[in-house]
Amino acid sequence: MEVETKPVRWKQLIHDDQVHGSLYTDEAIFREELEKIWYRTWVYVGHESEIPRPNDYILKTIGLEEVIMVRDRRGVVNLLHNRCPHRGNRVCVSQQGNARSFTCAYHGWNFSNDGELKGYPYPSGYLEDKRGELGLGRVARMQSYKGFVFGSLAASGPTLEEHLGAARETIDHLVRNSPEGEIELTAGFLQHKVRSNWKFLVENETDGYHPQVVHASIFEVAQSGIGDLYNENSSAVVRYFGNGHSELDLRPEFRNIDRPMRWFGTDEERVPDYTARMKAAYGDQMAREIMIDGVRHVMIFPNLFIAEIQLFVLQPLAVDETVQHVTALQFKGAPDLNKRMRSQTMGSVGPAGFLLADDAEMYERTQRGVQQRNPEWLYLGRGKHREQVGQDGVITGNVTDDTASRGMWQHYRSLMEAA
Amino acid sequence: MTADEMLELCEVTQFIYREARLQDDHAYADWESLWADDGVYWVPANGEDIDPDAQMSIIYDNRSRIALRVGQLRTGKRHTQLPRSRLRRVASNIELIDRQADTLRVRANAMIFESNSRGETVWATRNEYTLRRVDGVLRMVRKKVVLANNDSALYSLSFLI
């Protein structure tokens, strides 16, 4: 209670190179984050390919809010709050499906899939017609970029383009890996729950310091060369784009190696169909460049993480509980590569993943650690002396440096300081 | 049920108990030796009848990936198993579903209690085995583990289920 009545002094909790442990453990701070971050800024909701046909719907979340992402009969994507305006019942209870309308199971109110109230039993019980007045709540703003659907519960604020800022081109870069210029999410999601604050996950996604330590076991038995890219002498970099977004950019290493598909640990010859389609779509030279660069490793604040072959969505449940939803990226028009991406994804991530189960262990240990009293702070000073600020404000550091975390916290502070 | 069938069911039951014990005891190499060369270890997500070649599964290991999984556990650096989960499981409801030449299909249920640094977790599964007699002993050709809550968000599942 004391924290609620006393204004939190963000400046005192967030310094340039250290943050206070209570930022991960204080329930009042978590509730304030919901209001100032999750219910105010742009949050990734889902991908249009998850609801390909008219009347397809799927349940998603924005913070703790459950939303129905639904394509109406005209093909327009809507984001609706899953709450009946009559008595507050959950209107949609199936995780996904196809429906022209939703009928509340409590008193039979019926809503079209664009949220409009179409009818209700015994209308003479109301003096006026309630249709047009009461409907399903709509997420205040919804915008889609290259199939990625974002929602904001705030009616005004920066546009999605402003929010994505310098990170937007990473999505352009991603979709080029499909010979048809589109990605699809068609393989369903794994849901991996961790007893940890959501920001530990955000920070870890573009932490290039940990892989050689945390993932030593799988790098050792799989004899994977990927771990070697995360060392201080690597030409890979960490980049902070602003607005909380960041990436680990391994392209300098892959360009050095100069072999298409090395980013995926394979060769052109192993994916002949994909290679042929890419060359047909982009021409030999550009296809080669795309297939050398591969997909980048990007964290779009606060909840979308594109990890080369996977897409993660972070969902906070409580101050110390978070779910990672993860699926394989699928490139439209690339069935042979897609099969490999699904297989590698299943090995790497999810509750039993060779990589993610160890990341999850660190999330949970850090959560327990920051509940201890001494020291009170977390130190984020790595590489502060050697990072470079570009003319566009983008900050670049050594791949093992804390550049992304420092940037994220400054953005976080600006969001939390806002009235 | 004939006497031969009863003997066979008894042998299958003993096999399942042994597998459960090796898993509980983290006897990784002994557990791996229960697999046939073409073994497939499958833990589906989001239902029980998904197509594992098209949809995400929690585990979908071919034989070489089973070896990788065991190999990772044996490095001593698999942090999520440091310290190891303390496990105790009960396997029951064992039914012989089908027999074709040297191949048996078996179903069982399992309740697994896990205690680790996060806390205590109970896992409930239906297990479907395809077993093959190789040189006189049973080997796992396929083990499918259907978690009762596989459509929900799950904590890390890093022991052998």
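All of these numbers come straight from a predicted model, not from anything done at the bench.

Enquirer: What is the right way to look at the interface of chain A and chain B in this model?
Expert: Often, the extent of an interface is quoted as the loss of accessible area on bringing the components together. Of the residues lining the interface, 30 residues belong to chain A; the matching set on chain B comes to 27 residues. Contributions of two or more residues to the side of chain A that touches chain B are made by β13 (190–194), α8 (216–222), β19 (321–328), α13 (335–348) and α14 (356–369) of chain A. Per-element tally for the side of chain A that touches chain B: the top contributor is α8(A), with 6 residues. Here the side of chain A that touches chain B is built from residues that sort into 16 nonpolar, 8 polar and 6 charged.

Enquirer: What exactly am I supposed to notice about the domain arrangement of chain A here?
Expert: All names here are of chain A. Partitioning chain A into structural domains gives domain 1 (43–152) and domain 2 (166–417). On a C-alpha basis, the centroid separation for the pair domain 1 and domain 2 is 32 Å. At 3 residues, the largest contribution of residues to the side of domain 1 that touches domain 2 is made by strand β2 (residues 43–47). Looking at the side of domain 1 that touches domain 2 residue by residue, the class counts come to 4 nonpolar, 5 polar and 2 charged.

Enquirer: Would you mind showing me how to read the sheet that holds strand β3 (residues 56–62) of chain A here?
Expert: Note on sheets: strands pair through backbone hydrogen bonds, and any given pair is parallel or antiparallel. Residues and elements named next belong to chain A. As summarised here, the arrangement of the 4 strands in space is β5-β4-β3-β6, forming an open sheet in which the pairing is antiparallel. Each end of this open sheet is capped by a strand with a single partner; those strands are β5 (77–81) and β6 (96–98). Strand-to-strand twist of the sheet, defined as the mean angle between neighbouring strand axes without regard to direction, takes the value 30 degrees. Inspection of the sheet shows strand β4 (residues 65–71) paired to β5 by 5 bridges, in the antiparallel sense. Within the sheet, the bridge partner assigned to V67 lies in β5 and is H81.

Enquirer: I keep staring at helix α1 (residues 3–24) of chain B and nothing clicks. Help me out?
Expert: The α-helix advances 3.6 residues per turn, and as a result positions three or four apart in sequence lie on the same side. Residue and element names in this part refer to chain B. Spanning 22 residues, α1 covers 31 Å between terminal C-alpha atoms, matching the ideal 32 Å at 1.5 Å per step. All of the buried residues along α1 are F15, E19, A20 and Q23. Buried residues of α1, seen end-on, are gathered within an arc of 135 degrees and therefore sit on one face of the element. Every exposed residue of α1 that faces more than 90 degrees away from the buried side is listed here: A3, M6, L7, C10 and Q14.

Enquirer: Just to check I follow, could you spell out the sheet that holds strand β4 (residues 103–116) of chain B for this structure?
Expert: Residue and element names in this part refer to chain B. Strands sit in the order β2-β1-β6-β5-β4-β3 across an open sheet of 6 strands; the sheet is mixed. Each edge of the sheet is formed by a strand with only one pairing partner; in this case those strands are β2 (57–61) and β3 (86–100). With direction set aside, neighbouring strand axes in the sheet form an average angle of 20 degrees. With 4 bridges connecting them, strand β1 (residues 35–44) and β2 associate as antiparallel partners. Directly across from Y41, in β2, lies its bridge partner D61. Sheet strands touched by helix α3 (residues 63–74): β1 and β2. Its angle to β1, the strand with the most contacts, is close to 75 degrees.

Enquirer: It is not clear to me how the pairing of β13(A) should be interpreted in this structure. Could you clarify?
Expert: Side-chain direction in a regular strand flips from residue to residue, so the side chains alternate between the two faces of the sheet. Residue and element names in this part refer to chain A. Among the 5 residues that make up β13, 4 are buried, leaving the element largely enclosed by the rest of the structure. Here 5 bridges tie β13 to β19, and the two strands are oriented antiparallel to one another. Residue pairing for β19: K193 is matched across the bridge by V323.

Enquirer: Teacher, can you tell me more about the nonpolar core here?
Expert: The tendency in soluble globular proteins is for nonpolar side chains to be buried as a group. Counting residues in hydrophobic clusters, the biggest one holds 142 residues, and the most contacted among them are A:Y44, A:V45, A:V67, A:M69, A:I306, A:L329 and B:I161. Taken domain by domain, the makeup of this core includes at least three residues from each of domain 1 (43–152) and domain 2 (166–417) of chain A. In this structure, B:I161 is in contact with B:V43, B:I112, B:W123, B:T125 and B:V145, ignoring residues within four places of it in sequence.

Here is what the cut-offs are and how they apply
- Residues numbered from 1 in each chain as written.
- Chains lettered and ligands numbered in written order.
- Predicted model: local features only at pLDDT ≥ 70, side-chain atom pairs only at ≥ 80, totals over all residues.
- Contact = placed C-beta atoms within 7 Å.
- Helix = DSSP H or I, 4+ residues; strand = E, 2+ residues; numbered from the N terminus.
- Nonpolar A, V, L, I, M, F, W, Y, C, P; charged D, E, K, R; others polar.
- Domains from an automatic or database assignment.
- Pairing = 2+ DSSP bridges.
- Axes fitted to C-alpha atoms, helices over the stretch in contact; angles between N-to-C directions.
- Expected span 1.5 Å × (residues − 1).
- Buried ≥ 20, exposed ≤ 12 C-beta atoms within 10 Å, placed from the backbone.
- Arc of directions from axis to C-beta.
- Core = buried A, V, L, I, M, F, W, Y, C linked by C-beta atoms within 7 Å.

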